[in-house]
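What follows is the residue order along each chain.
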Amino acid sequence: MECLECGEKIIGRSDKKFCNDACRNAYNNKQNKDSTNLMRNVNNKLRKNYRILMELNTDGKAKIAKSRMDGLGFDFDYFTQLKVYKNGSEYRFIYDYGYKLLEEDFVLIVRNQA
Ligand SMILES: [Zn+2]
């Protein structure tokens, strides 16, 4: 068995994953940092998407060209909720703002009244 942090051979019990506490702490800190960074990046994308939807949808409903959203940096991969209604239409929500992809590269933006 080799230490997950430094790769040294571990002497002793076979269930040990680290050669010492320093290696264990270093490894765990790195893992936490990675997930913190990941969450921060995702949160930033959601926040940016939300801001774009809010700016584009001032009257409760708006039909917008997808290219315009792309131009503003909207990332279609990030949303908080997917809702599929009985009629088959599919909305992706970012908190209370949602959108549906329409034909001919248009997007319908709506706002869910809570
Ligand atoms: Zn080690």
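Read on for an overview of the structure. Nothing here was measured: the structure is a model prediction, and the numbers come from that model.

The number of helices and strands found in the protein chain is two helices and five strands. Secondary structure elements of the protein chain, listed N to C terminal, follow the sequence α-β-α-β-β-β-β. Taking 114 residues into account, the globule formula puts the C-alpha radius of gyration at 13 Å, and the protein chain, at 23 Å, lies well above it. With the C-alpha coordinates of the protein chain rotated into their principal frame, the extents come out at 65 × 30 × 30 Å. Counting across all 114 residues of the protein chain, residues that qualify as buried make up 23%. Long-range pairs, those at least 24 residues apart, make up 38% of the contacts in the protein chain with a sequence separation of at least 6.

Per the counting criterion, the structure on display carries eight aromatic pairs. With 5.8 Å between their ring centres and 75° between their planes, Tyr50 and Tyr95 make a pair best called edge-to-face. Placement of the pair is Tyr50 in helix α1 (residues 21-56) and Tyr95 in the loop between β3 (90-94) and β4 (97-101), with a sequence separation of 45 residues. Taken together through their ring pairs, the aromatic side chains of Tyr50, Tyr95 and Tyr97 make up a single cluster. Just above the ring of Phe106 sits the side chain of Lys63; from NZ or CZ to the centre is 4.9 Å.

With that settled, consider the pairing of β3. The side chains of a regular strand alternate, first on one face of the sheet and then on the other. Note: strand β2 (residues 81-84) against β3, four bridges, orientation antiparallel. Bridge pairing links Val84 to Glu90 in β3. Between β2 and β3, which pair antiparallel and follow one another directly, the connecting turn spans five residues, one of which, Gly88, has a positive phi of 95°. Bridge count for β3 against β4 is three bridges, and the pairing is antiparallel. Bridge pairing links Phe93 to Gly98 in β4. Linking β3 back to β4 in an antiparallel pair, the connection comprises two residues, with Tyr95 at a positive phi of about 60°.

Attention now moves to the coordination of the zinc ion. Around the zinc ion, the protein contributes the donor atoms Cys3 (SG), Cys6 (SG), Cys19 (SG) and Cys23 (SG), at 2.2 to 2.3 Å from the metal centre. One can describe the donor arrangement at the zinc ion as tetrahedral, given that its four donor atoms subtend angles of 104 to 115° at the metal. Every donor residue of the zinc ion comes from the same chain, spaced as C-x2-C-x12-C-x3-C. Of the two residues, Cys3 is situated in the segment before α1 and Cys23 in helix α1; the sequence distance between them amounts to 20 residues.

One open sheet holds the five strands; their spatial order is β1-β5-β4-β3-β2, and the pairing between them is antiparallel. Pairing within the sheet leaves two strands with one partner each, and these edge strands are β1 (61-65) and β2. Going across the sheet, the axis of each strand differs from the next one's by a mean of 25°, ignoring polarity.

Calculation criteria
- Residues numbered from 1 in each chain as written.
- Predicted model: local features only at pLDDT ≥ 70, side-chain atom pairs only at ≥ 80, totals over all residues.
- Heavy atoms only, no water.
- Helix = DSSP H or I, 4+ residues; strand = E, 2+ residues; numbered from the N terminus.
- Rg over C-alpha atoms; globule rule 2.2 N^0.38 Å.
- Buried < 20%, exposed > 50% of the residue type's maximum accessible area, 1.4 Å probe, protein only.
- Contact = heavy atoms within 4.5 Å.
- Phe/Tyr/Trp six-rings, centres within 6.5 Å; stacked < 30°, edge-to-face > 60°.
- Lys NZ or Arg CZ within 6 Å of the ring centre and 35° of its normal.
- Pairing = 2+ DSSP bridges.
- Donors = N, O, S within 2.8 Å, 3.2 Å for Na, K, Ca; no water.
- Tetrahedral: all angles 85-135°; square planar, octahedral: opposite > 155°, others 65-115°.
- Axes fitted to C-alpha atoms, helices over the stretch in contact; angles between N-to-C directions.

The analysis is restricted to geometry; functional conclusions fall outside its scope.
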